Amino acid sequence: MPNIYERIGVRPIINASGPSTRLSGGILDPEVADAMHEASQYCVDIAELQARASEVIAEITGAEAGYVTSGAAAGLLLGTAACVTGPDPGRMNRLPDTEGMKNEVIISRSQRNFYDHAIRSVGVKLVEVGIADRYSGAGVRDTEAWEIADAITECTAAVCYVANPRALPPLEEVVEVAHARGVPVIVDAAGQLPPRSNLQAYISMGADLVAFSGGKAIGGPQGSGILCGRRDLIMCVALQHLDMDVLKPQWNPPVTLIDKSILPGAPHHGIGRPCKVGKEQIVGLLTALERFAGEHLDTRAAAWRDRIDELVAAAGDIPGCRFTIDTDSRPSEVPMAVLKLDEPVAGKTALDVVLALQGGDPPIQANTGRVSEGIVLFGPVCLKAGEPERVAQRLREILDA
Ligand SMILES: *Cc1c(COP(=O)(O)O)cnc(C)c1O
């Protein structure tokens, strides 16, 4: 019986890369998929559902409040909007026109990345600071906290920090200089799970808002994410995200999410409205998050390690290649199989191997994170039973082993 993708004429792939958006995220655990199906069979007040999600996320992250977003990038957009407008419905309505508002976000130059478009789409300007000398090999320094302090002006809405085990300056120092001037810090922690402890780490270091992807290691729906942090900012997030097509007397959102008493009136549909999140995503994310947070520490890691061991064992010896296992891969703790070609093997470079895997049937996607070093990486998170052997077999064919 053909599966749903085959029925509509789309080829399923073997995803030996990881849960990236381009490759449709990961494989949902049946408990998460069942929860989403059940959620789809009822209607609820979406603000009430988000208010309940806020409590669950707060409990698990140690933050005051939380919100389910359509992804970490949406979390960055919503968090930035909250910092720019505060609880001012007039300002919310005017975005992305930020005239007269704090409309600059400071970011370390070395942390700039393509996802910060989500921040800029609020109508703010990114102010880059520091020089990433250590990346160029010319020097050892990166941005320092005093440079962030130096860039703060009355126009600064927030500091954005892209978390990573090697990120500099340390988050605690950024928080210290930002808070000294009353400026909130938004952390992009999209891919920083596992370790599970990072669900709480950035909040405990003083971050005001932290964005995680729901569709990466948490194992939630592809189009989901978490934003957690200060209750007042999460309120501003909700106000700019929830659908506002409602009569005033009808509009009674839970006070734990939105304190109507401090507002002159309700804003219109906000800048975050296109980042809509369905009830199925919210319930699926919460189910996955509770599993991720509650699971025995080693269960998931052991399953990942088994897949990688299977892949490397099935590949066996391939002349001209070294196959090793990296248990401490960047940026998270997901083990990766590392295929190293010192020279072209069977006339193929690492990139040729990736393209040959991708060009087969079914297409196999490997991770290209280190392809410039002659390395093809294989990640376990989206591999299903039996797939490690299929990847190994195809590799042996391509490399003439
Ligand atoms: C994956 C990623 C994002 C985007 O996350 P989504 O959940 O897909 O929106 C943003 N920032 C970083 C650093 C990421 O790795």
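Right above here is the structure, for reference.
Heads up: these notes are all about the structure in this document. Note that this is a predicted model, so its numbers are computed, not measured.

### Thoughts on the site of the ligand
- If you check the shell around the ligand, you find Thr21, Gly71, Ala72, Ala73, Tyr115, Asp188, Ala190, Ser213 and Lys216 and nothing else.
- At 2.8 Å, a backbone N or O of Ala72 approaches an oxygen atom of the ligand.
- Contact between the ligand and Asp188: a nitrogen atom at 2.7 Å from a side-chain N or O atom of the residue.
- Contact with the protein chains covers 80% of the free accessible surface of the ligand, which is 380 Å².
- The residue makeup of the shell around the ligand, split by class, is four nonpolar, three polar and two charged.

### Focus on helix α13 (residues 299-315)
- Between its first and last C-alpha, α13 extends 25 Å over 17 residues, near the 24 Å set by a 1.5 Å rise per residue.
- Every buried residue belonging to α13 is among Arg300, Trp304, Ile308, Leu311, Val312 and Ala315, and all of these are buried. Seen from one end, α13 has its buried residues packed into an arc of 100 degrees, which puts them on one side.
- The secondary structure elements touched by the buried residues of α13 are α12 (279-294), β9 (321-326), β10 (336-341), β12 (375-378) and α15 (387-398).
- Just downstream of α13, Gly316 is the residue with a positive phi angle, here 60 degrees.

### Some points on the pattern of salt bridges
- Overall, the coordinates contain 17 salt bridges when judged by the stated rule.
- The salt bridge partner of Glu128 is Arg112, with a shortest N-O separation of 2.5 Å. Here Arg112 lies in the loop between β3 (104-108) and α6 (117-120) and Glu128 lies in strand β4 (residues 125-129), a separation of 16 residues in the sequence.
- Take Glu128: its relative accessible area is 29%, and that puts it in the partly exposed class.

### Describing the packing of α13 against α15
- Their axes nearest at 8 Å, the elements α13 and α15 cross at an angle of 30 degrees. By the angle between their axes, α13 is roughly parallel relative to α15. In this structure, the crossing between α13 and α15 has a hand that is right-handed. Of the residues in α15, those touching α13 at Arg307, Glu310, Leu311, Ala314 and Ala315 are Pro388, Glu389, Val391, Ala392, Leu395 and Arg396.
- Looking at the contact of α13 with α15 residue by residue, the classes come out as seven nonpolar, no polar and four charged.

### Digging into the packing of helix α4 (residues 72-85) against helix α11 (residues 231-239)
- Two numbers describe how α4 lies on α11: the axes approach to 8 Å, and their chain directions differ by 110 degrees. Here α4 lies roughly perpendicular to α11, going by the angle between them. Together, Leu78, Gly79, Ala82 and Cys83 of α4 and Leu233, Cys236 and Val237 of α11 make up the contact between the two elements.
- By residue class, the composition of the contact of α4 with α11 is six nonpolar, one polar and no charged.

### Observations concerning the sheet that holds β10
- Spatially, three strands are ordered β9-β10-β12 in an open sheet, and the strand pairing comes out antiparallel. Taken across any chain shown, the strands that pair with only one partner, and hence form the sheet edges, are β9 and β12. Along the sheet, successive strands turn relative to each other by an average axial angle of 20 degrees, direction set aside.
- Of the pairings in the sheet, the one linking β9 to β10 comprises six bridges and is antiparallel in character.

Definitions and limits used
- Residues numbered from 1 in each chain as written.
- Predicted model: local features only at pLDDT ≥ 70, side-chain atom pairs only at ≥ 80, totals over all residues.
- Heavy atoms only, no water.
- Near = heavy atom within 4 Å.
- Polar contact = N/O pair within 3.5 Å; in protein donor to acceptor, adjacent residues only side chain to side chain.
- Areas by Shrake-Rupley, 256 points an atom, 1.4 Å probe, with all protein chains shown as cover.
- Nonpolar A, V, L, I, M, F, W, Y, C, P; charged D, E, K, R; others polar.
- Helix = DSSP H or I, 4+ residues; strand = E, 2+ residues; numbered from the N terminus.
- Expected span 1.5 Å × (residues − 1).
- Buried < 20%, exposed > 50% of the residue type's maximum accessible area, 1.4 Å probe, protein only.
- Arc of directions from axis to C-beta.
- Contact = heavy atoms within 4.5 Å.
- Salt bridge = Lys/Arg side-chain N within 4 Å of Asp/Glu carboxyl O.
- Axes fitted to C-alpha atoms, helices over the stretch in contact; angles between N-to-C directions.
- Parallel < 35°, antiparallel > 145°, perpendicular 65-115°, else oblique.
- Left-handed = near helix turned anticlockwise from the far one by under 90°.
- Pairing = 2+ DSSP bridges.

All quantities given are derived from atomic positions and should not be read as evidence of function.
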